[in-house]
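Tertiary structure, described
One letter stands for each residue in the lines below.
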Amino acid sequence: MGRESKAERDAAFTAFMTDATPSLLRTAWLLTGSTERSQELVQAAFVKTYAAWPRVRRDSALAFARRVLVNHKTDTWRRTSREVVGDVPELALRPDSAVEHRDEILRLLDLLPAQQRRIVVLRYYQDLSEAQTADVLGISVGAVKSGASRGLATLRTAHPSPEGSQR
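Think of each chain on its own: its residues are numbered from 1, step by step along the sequence as written. Totals for whole chains, interfaces and linings use all residues, but because this is a predicted model, local features are given only for residues with pLDDT of at least 70 and pairs of side-chain atoms are given and counted only at 80 or more. Water and hydrogen atoms play no part in the side-chain values, which are based on all heavy atoms of the structure.

A few words on the overall build of the protein chain. Within the protein chain, the secondary structure is distributed over 7 helices and 0 strands. Secondary structure of the protein chain in N-to-C order comes out as α-α-α-α-α-α-α. Within the protein chain, buried positions represent 40% of all 167 residues. Looking at the protein chain as shown, the accessible area adds up to about 9,800 Å², and 53% of this sits on carbon and sulfur atoms. To qualify as a helix, a DSSP run of H or I must reach at least 4 residues; to qualify as a strand, a run of E must reach at least 2; elements of each kind are numbered from the N terminus. Here's how the labels work: a residue is buried when its accessible area is under 20% of the maximum for its type, exposed when over 50%, partly exposed in between, all with a 1.4 Å probe on protein chains only. What sets the accessible areas is the Shrake-Rupley method with a 1.4 Å probe; for residues, cover comes only from the shown protein chains.

Rendered as structure tokens:
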């Protein structure tokens, strides 16, 4: 990446924001359960990503912004009380989603401790690998495996599959 002008850098960041917003909003909404807080979280992630933009590799910009988003959520969570589930933002859910009861997903995710919730969202909703999830959260792959296993066990207990179906 050569030296680019401020206008070129701003144009590249604007294009990145346009492309990344739906994915980051979905992740933020699943982490917070609130339209308003998810939008605030994405905005904060964009502010921090923009500040680092000259150092961000364009091919990994979404991963960088996702890590900023999760880290900011963790910092915010440490300062606030338990999340309250709110309404669903239009962009927060995949249009091709087969899930009929999205509020049930949030209720189930709300059963998980914050770290397990982050792991489950990143691994199974964002389809990140164990290594990618570990990198985003700044934890070991073993911690991701353990957190995913415990989180899924909690979800299975809270929402057992119908007889004869495979999960």
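Here the narrative resumes, following the displayed structure.
Here we take up the confidence of the model for the protein chain. Each residue carries a pLDDT value, the predictor's own confidence for that position, ranging from 0 to 100. On average, residues of the protein chain score 81 in pLDDT, and 78% of them are at 70 or above. Per-element averaging of pLDDT across the protein chain places helix α4 (residues 102-109) at the bottom with 80 and helix α2 (residues 35-52) at the top with 93.

It is possible for side chains of opposite charge to pair when their charged atoms get near one another. Think of a salt bridge as a Lys or Arg side-chain nitrogen and an Asp or Glu carboxyl oxygen that are within 4 Å of each other. Summed over the entire model, instances satisfying the criterion amount to 4 salt bridges. Between Asp59 and Arg57 there is a salt bridge whose closest N-O contact spans 3.0 Å. In this structure, Asp59 and Arg57 share a single accessibility class: exposed. Close ionic contact of Asp110 with Arg117 constitutes a salt bridge, the shortest N to O distance being 3.6 Å.

Our next topic: the nonpolar core. Note on terminology: a nonpolar core comprises buried Ala, Val, Leu, Ile, Met, Phe, Trp, Tyr and Cys residues joined through side-chain atoms within 4.5 Å. By size, the foremost hydrophobic cluster in this structure holds 38 residues, and its most contacted members are Phe16, Leu24, Val42, Phe46, Leu69 and Val70. Counting residues per element, the ones that place at least two in this core are α1 (6-32), α2, α3 (61-79), α4, α5 (114-125), α6 (130-137) and α7 (141-158). Among the elements that make up this core, the one with the highest residue count is α1 (9 residues). In this description, contact between two residues means that some pair of their heavy atoms is separated by no more than 4.5 Å. Discounting residues that sit within four places of it in the chain, Phe16 has contacts with Phe46, Thr49, Trp53, Ala61, Leu62 and Ala65.

Next up on the list: α6. Listing the buried residues of α6 in full gives Thr133, Ala134, Val136 and Leu137. Buried residues of α6, viewed axially, fall in a sector of 165°; they line one side. By definition, the arc is the one covered by directions from the helix axis to the C-beta atoms.

Mapped onto the elements, Arg123 comes out in helix α5. Judged by relative accessible area, Arg123 falls into the buried class, the value being 18%. For Arg123 and Ala148, which are 25 residues apart along the polypeptide, the C-alpha to C-alpha distance reads 7.8 Å. Non-local contacts of Arg123, meaning those with residues more than four positions away in its chain, are made with Leu128, Ser129, Glu130, Thr133 and Val144. N or O atoms within 3.5 Å of each other form a polar contact, as long as, within protein, one can give a hydrogen and the other can take it, and as long as residues adjacent in sequence are counted only when both atoms are side-chain atoms. A polar atom in the side chain of Arg123 sits 2.6 Å from the backbone oxygen of Leu128.

The next thing to look at is α2. Multiplying 1.5 Å by the helix residue count minus one yields the expected span of that helix. Over its 18 residues, α2 extends 26 Å from the first C-alpha to the last, a length consistent with the 26 Å expected when each residue adds 1.5 Å. Capping of α2 at its N-terminal end is provided by Ser34; its side-chain oxygen lies 3.4 Å from the backbone amide nitrogen of Glu36.

In this section: the environment of Val68. As for its placement among the helices and strands, Val68 is situated in helix α3. Since its relative accessible area comes to 14%, Val68 is described here as buried. Separated by 23 residues in sequence, Val68 and Ala45 have C-alpha atoms that sit 5.6 Å apart. Those residues in contact with Val68 that sit more than four places away from it in its chain are Ala45, Lys48 and Thr49.

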